[in-house]
Amino acid sequence: MAPQAWGFDVNNAVDFQGTLPDAPAWLGDVEKLLLQENYDQAAQAAEQNLADARRSDDRLAQSFALHALARVKCTRNAYSEARIAAEEALESFRAADSAKGVASTTLLLAKIALDMREASEAERLATEALSKFQAASSRTGEAAVHHMLARMHIRDSRVDEALEEIEQARALFEKSGDKEGQAAALLVKGNIYAWNYSDGQEEALKVGREAVALCRKVGRPACRLREADAQFLVATAAFTLKRHKDGLKAAKESLELFKEWGGPRSQASSMRAVAMGLMQCDRLEEAHEVAEQTLSMLRAQGTTDETLLAEALAVDAMIARQRFAKGEPDEDGSMVQKARDVLEAFVKLDEDYACAMHRLELGQALQLSGDSAAALTEVTIALEFFTENKVKASQGLAMMTLAMCQLGTGDPKAALDTAAKAEKFIEDPTTLSELAEFMGVVKSQARGGGGPKWGSQSGSWSNYDDPKAPNYIYKAEEGGVKRSVYSDLVNMRIHSGDTPEPISFDTAGIFYMDQFLGVSMPFMPTKRPPIPGVYPDGLDTSKMAPAPAPKPQQPKPAAAPAGGGVVSVLSTPSRPPATAKPAGPIVIKPAILGNNDALGGRYRDCPEDIHDRMVALARAGALPTTTLSQRQVLERKKSTFHGHAEWREAARWGYIHPTVAAPKGCKWYKVSIGHKLVGPSPGELLGTSNEDAALSARPASRFAWKEKAAGGRQPGGLALEKLLRGANPDWTAGDVAVARRKLEAVSIDSAASLVEALSNIDAEDLNLRLQRAGEQALEPQTLQALRAYAASLANSEPWLGPAAAQFAVQEHLQTRVALAVR
């Protein structure tokens, strides 16, 4: 199931009281420390009790202490250590002949396997634990197993099976009289309804409130934490149902419980819900303060929960966007930057659905900031993901945002078509209402036209729509207009057709633009209203002396009138006849050059030789095609580039980027700082590499006779140098020559033989052979790069042989290559 920004899971620290037999009292103290996130103290308490039990040679007490220590390790995400402690506890319980203890520890091992994403092992252990609890006649234990299986099925998107398991768990908890267990089952059920059914929010709200009522009947500290989780579920469902006040109330109650019984992480989780509620209730300043406090708390604690931190950043970014939309200034550009930070955080988490959602929100932020071209790129990428994965609701939102971007780039017809398509995917009534309002605006602008509409040669005028002025009342004490009103006025004028009579703005501050700017504006009226402190009596331009006509050869400014009055810069030129021609050519240098080529042209500041080479690569099918707007965005968000020098300028100007497909035969992978492009250079792809000559000038090798016998080509079809340089683009010709001589010392003289030697995943054979020959071993990074490049060429021509194909099909090698490219 796709991860959700408000989803949650049952706390690892909480266990069920009935699963362990005759548990000692100190286990309750360890659990309380875990709930408060005092992990170090909890570990010390468990270790101290383990030491005491070993001194007294109490086998059962040792079992409980090891079980508690395993739970502490699991809660801290130290799963390997947790598994070791749990396996020791299992052996200890077996030695103590405790059937319930064995069953409970087997269930704990299943939970650890689940958290380590070992689904098959988790299911096997859970089935084994279920049979042991049944043999021990423990209904609570059976219910705990079904509860854990439901959580496992949720993670695997097996929703129907998860509902069946959780219903069995709830029924067994009810039969055993365990109200806390019933509440835990209701929490999982509510989570299923909230995030897997479009109409499941009412049911989620209902079961969340039932869980709150059950938890209040039990005095155990763990129940207070479950009550807080239940209030969190209520808040989530209420927000989705647009019951923002109810959601804010539940979020605040959850926060108070976490402050009393939980720790910083749980408090921060509820604080982001409170911030969201305040934002939805239009209390933006309070929401901003709470969001900042949440981030400060997480950073001060040095949290290792990257998911929670990313979700807190997302709430803060949403609030910043809402504040900007309400008129809050964004002078430092923090609104867009916050949206970018959120996207980067989720990219690191490798959550595809969340990345697409937050990319859409980044597009909305860019659109609000006025950068429609960049917004168009981000929204298009998000829409492609939603369309491919058939996420209907998100697809509608993306198309609606895309229509807004298209309108912002001056294409109302495309915006109207996209908005009409979006209407088919949106079901929410509020969103549909907003879409209808937007489509009305687009239709109005499409009717108004996008510029001058000259009439026929006879001198008649085209028809036009009467522009409707904004509803704004001028106040004399203001001395001007708001920036937003001014923008609306200019926008209205741009999108209205030409008119047979002069048009003037109807706001007093704009009546004097010609005087302030020194530009002739013949559409201004002759009588101007007064402006206090500037033109207290107004201005009548009809009484002003006309400006003298300039001389054709040496134009000079108009002389001041004798009376010392205001110099007029106004004139009323008549419209030129249709047959009139300009006196000389008007040269306008275009901002975009060569817009008919395969990449849509280039901006003037982009070097022509670089663009021409990229166009040649694109035509040859060796480079993915990009648009000007895409490259403009990629240029701004480029990361540190590692790779061949000929690719460096391409990355500089946005032709290649880790977020788009790599050039033919190349692979991207993440390095400590930035990204590295592994593969052939642009010259090699075009057959014009300057390095071939340098390599061909190398001294004759011991295997020259083999090359000659093969007609100048090495066995395996691909030159060894090509493989070495493709995998290590930063190497010079000298580096490649040194590596070649080193490999020749162990009888590796072709690309195919090198790939065959690399077939051992640890490369022990190759490095041992090099060391025995008196050569230095290859670095792990070099071996990794060679394998990645060989895998990328597995199906290429000329073929590298079966070993390269093996790299591409073996699962464990695929995983390593993916990690390198990521």
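Scroll up to find the structure this text is about.
Keep in mind it's a predicted model, so treat the numbers as computed, not measured.

What counts and what doesn't
- Residues numbered from 1 in each chain as written.
- Predicted model: local features only at pLDDT ≥ 70, side-chain atom pairs only at ≥ 80, totals over all residues.
- Heavy atoms only, no water.
- Helix = DSSP H or I, 4+ residues; strand = E, 2+ residues; numbered from the N terminus.
- Contact = heavy atoms within 4.5 Å.
- Polar contact = N/O pair within 3.5 Å; in protein donor to acceptor, adjacent residues only side chain to side chain.
- Pairing = 2+ DSSP bridges.
- Buried < 20%, exposed > 50% of the residue type's maximum accessible area, 1.4 Å probe, protein only.
- Salt bridge = Lys/Arg side-chain N within 4 Å of Asp/Glu carboxyl O.
- Expected span 1.5 Å × (residues − 1).

K.L.:
Explain the environment of histidine 611 here, please?
P.N.:
Along the chain, histidine 611 turns up in helix H24 (residues 608-619). Sequence separation between histidine 611 and glutamate 649 is 38 residues, and the spatial gap between their C-alpha atoms is 9.8 Å. Ignoring any residue separated from it by four or fewer positions in sequence, one finds histidine 611 in contact with Asp597, Leu599, Gly601, Arg602, Cys606, Arg631 and Tyr655. At 2.6 Å, the side chain of histidine 611 forms a polar contact with the side chain of tyrosine 655.

K.L.:
I would appreciate a short explanation of the sheet that holds strand E7 (residues 675-678) in the present structure.
P.N.:
Strands in a sheet are paired, the pairing made by backbone hydrogen bonds, and the direction either parallel or antiparallel. In spatial order, the strands read E5-E7-E6; together these 3 strands make up an open sheet with mixed pairing. Pairing within the sheet leaves two strands with one partner each, and these edge strands are strand E5 (641-642) and strand E6 (667-670). When E5 meets E7, the two strands line up parallel, connected through 2 bridges. What sits directly across from histidine 642, in E7, is lysine 676.

K.L.:
Looking at this model, I keep getting lost on unusual backbone geometry. Mind explaining?
P.N.:
Among all residues save glycine, negative phi is the norm, and among peptide bonds the norm is trans. Although it is not a glycine, glutamate 37 adopts a positive phi angle of roughly 65°. Residue glutamate 37 is classed as buried on the basis of its relative accessible area, which comes to 17%. For aspartate 350, which is not a glycine, the phi torsion comes out positive at approximately 60°. Assignment of secondary structure puts aspartate 350 in the loop between helix H16 (334-348) and helix H17 (352-369). Classification of aspartate 350 as partly exposed rests on a relative accessible area of 42%.

K.L.:
Explain the pattern of salt bridges here, please?
P.N.:
It is possible for side chains bearing opposite charge to pair when their charged atoms get close. Inspection of the entire model under this criterion finds 35 salt bridges. Residue arginine 124 pairs with glutamate 128 through a salt bridge whose shortest N-O separation is 3.4 Å. In this pair, arginine 124 and glutamate 128 are both assigned in helix H6 (residues 119-135), 4 residues apart and thus about one turn of the helix distant. We note a salt bridge from arginine 216 to glutamate 227, for which the minimum N-O separation is 2.9 Å. Of this pair, arginine 216 sits in the loop between helix H10 (201-215) and helix H11 (221-240) while glutamate 227 sits in helix H11, and the two are 11 residues apart along the sequence. The class for glutamate 227 is buried, based on a relative accessible area of 6%. Sharing partners across several salt bridges, the network here consists of Glu31, Arg71, Glu180, Arg220 and Arg226.

K.L.:
So what exactly am I meant to see when it comes to helix H8 (residues 159-175) here?
P.N.:
Three- or four-residue spacings in an α-helix give side chains the same orientation, since the helix completes a turn every 3.6 residues. A rise of 1.5 Å per residue sets the reference length of H8, with its 17 residues, at 24 Å; its end C-alpha atoms lie 25 Å apart and thus fit the reference within 8%. In this structure, the buried side of H8 is in contact with helix H7 (139-155) and helix H9 (179-196). Where H8 ends, the next residue or the one after it, glycine 177, has phi of about 75°, a positive value.

What is shown is where atoms sit, not what they do.
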